[in-house]
Every structure is written in structure tokens, then in C-alpha cells.
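Here is how the chains run, residue by residue.
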Amino acid sequence: SRFGDRTEEEWNAAVKKIQANKNVASIILDLRNNPGGYFTTSIDVASDFIKNAVVVSQQSQSNTQAFNSTGTARLLNYPTLVLVNKGSASAAEIVAGALRDDRQIKLIGEKTFGKGTVQDRVELSNGGGLHVTVGRWLTPSGSWIHEDGIAVDEEVSDNAETSEDEVLAQALQEL
């Protein structure tokens, strides 16, 4: 649901289960309503789908720094679809953008939130904090998605009046 403190441990356990189950033929990565979280964790998750490529670049006033996949690519050979919506932001958008740009993985659902800025937290003497925007992040293709979001390849909305998850149903049909 977010890229937080437990994500790395939970993600590694899920990947091991996928690899151990010979009946798994494809993957649906559901990033809907994922507000993001830790930047480095987004690189790690994307790295399980991408081998030796740029996941994201950070552009500041003085330079641009590329962050490459770690080369693990444990899930590289699985057909994959990614589900996103307007609640998919920040680190979730980094993963979705990297998978789409590098492997042409299809995004299904709704356009993402559009948080394409890099922020540093400054601790204040009174115990408070301040988030300062210090740059922008770009997808591997060089797109800055801030305020625009990432458009989906196939737009499908969930109908709140039904018990079916229409987005997931569409993804299952595609696979």
C-alpha cells in the first residue's frame, strides 16, 4: 500500500513465493492508491523487473543524476501489468514509469497523481520539519510527470456501485 519501513522485507518474501511457485505465469502489480514513500525502495522494487537500466533520474539546478536498477531482475521473465490510479503517487509513479519506459509494461486504470518533485526534509529547532523541493525526478524516457501524472495505456475505472474490481478484471482478461 506504500513504500515504507516494511516494504523491502515484505517485497522479498513475495518475490520468493512467486519464484517458488511454478504455477505463476504472470504478474499484476497493483499500485493503486499507493501514495509512494521511500525513494530507494522504489528503485529496489523496479530493479526486480528491470536489468541494468535507468529507473529514474533526479534533475536539480546544477546537474542530473541517473539511478540505475540494482541488476537483480528476479521478475524479468514474467509477463507483467501494472494497475494505477489518481492515488498512485511519488515512489509508485517511479516504479510505474520505469516499468513502462524500460519494458513497455502496460499501465491499466487511471492517470496517476503527478508528483514529480524531489524533496529534502529540514529539521527545525522547535522540533518541526520543513520539506524543501530541491529538484525534479524524470522517468527513464526523460518525462517530468509533475501535475500531469502518467497516462495509462488502457483507461478503466472502478464502478463503486458494483462488487467487481473492474480494473483487476480487465488486467486478468489481458493476461
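Residues numbered from 1 in each chain as written. Predicted model: local features only at pLDDT ≥ 70, side-chain atom pairs only at ≥ 80, totals over all residues. Heavy atoms only, no water.

## What about the nonpolar core?
The nonpolar side chains of a soluble globular protein tend to be buried, and buried together.
And then number 1: Residues L29, L31, F49, L75, V82, V95 and L99 are the most contacted members of the largest nonpolar core, which totals 33 residues.
And then number 2: Mapped onto this core, the elements with two or more residues apiece are α1 (7-20), β1 (27-30), α2 (39-47), β2 (54-59), β4 (80-84) and α3 (91-103).
And then number 3: Counting 6 residues, the second largest nonpolar core, distinct from the first, contains L83, I108, V156 and A171. (Core = buried A, V, L, I, M, F, W, Y, C linked by side-chain atoms within 4.5 Å. Buried < 20%, exposed > 50% of the residue type's maximum accessible area, 1.4 Å probe, protein only. Helix = DSSP H or I, 4+ residues; strand = E, 2+ residues; numbered from the N terminus.)

## Regarding the sheet that holds strand β3 (residues 64-68)
And then number 1: An order of β3-β2-β7-β6 is seen for the 4 strands of this open sheet, with the pairing classed as antiparallel. Of all the strands in the sheet, just β3 and β6 (117-123) have a single pairing partner and so form its edges. Across the sheet, the mean angle from the axis of one strand to that of its neighbour is 35°, orientation sign disregarded.
And then number 2: Across 7 bridges, the pairing between β6 and strand β7 (residues 129-138) is antiparallel. The residue bridging Q119 from the neighbouring strand is T133, located in β7.
And then number 3: Its contacts with the sheet place α2 against β2 and β3, and it is angled at close to 155° to β2. (Pairing = 2+ DSSP bridges. Axes fitted to C-alpha atoms, helices over the stretch in contact; angles between N-to-C directions. Contact = heavy atoms within 4.5 Å.)

This is a description of form; function is not addressed.
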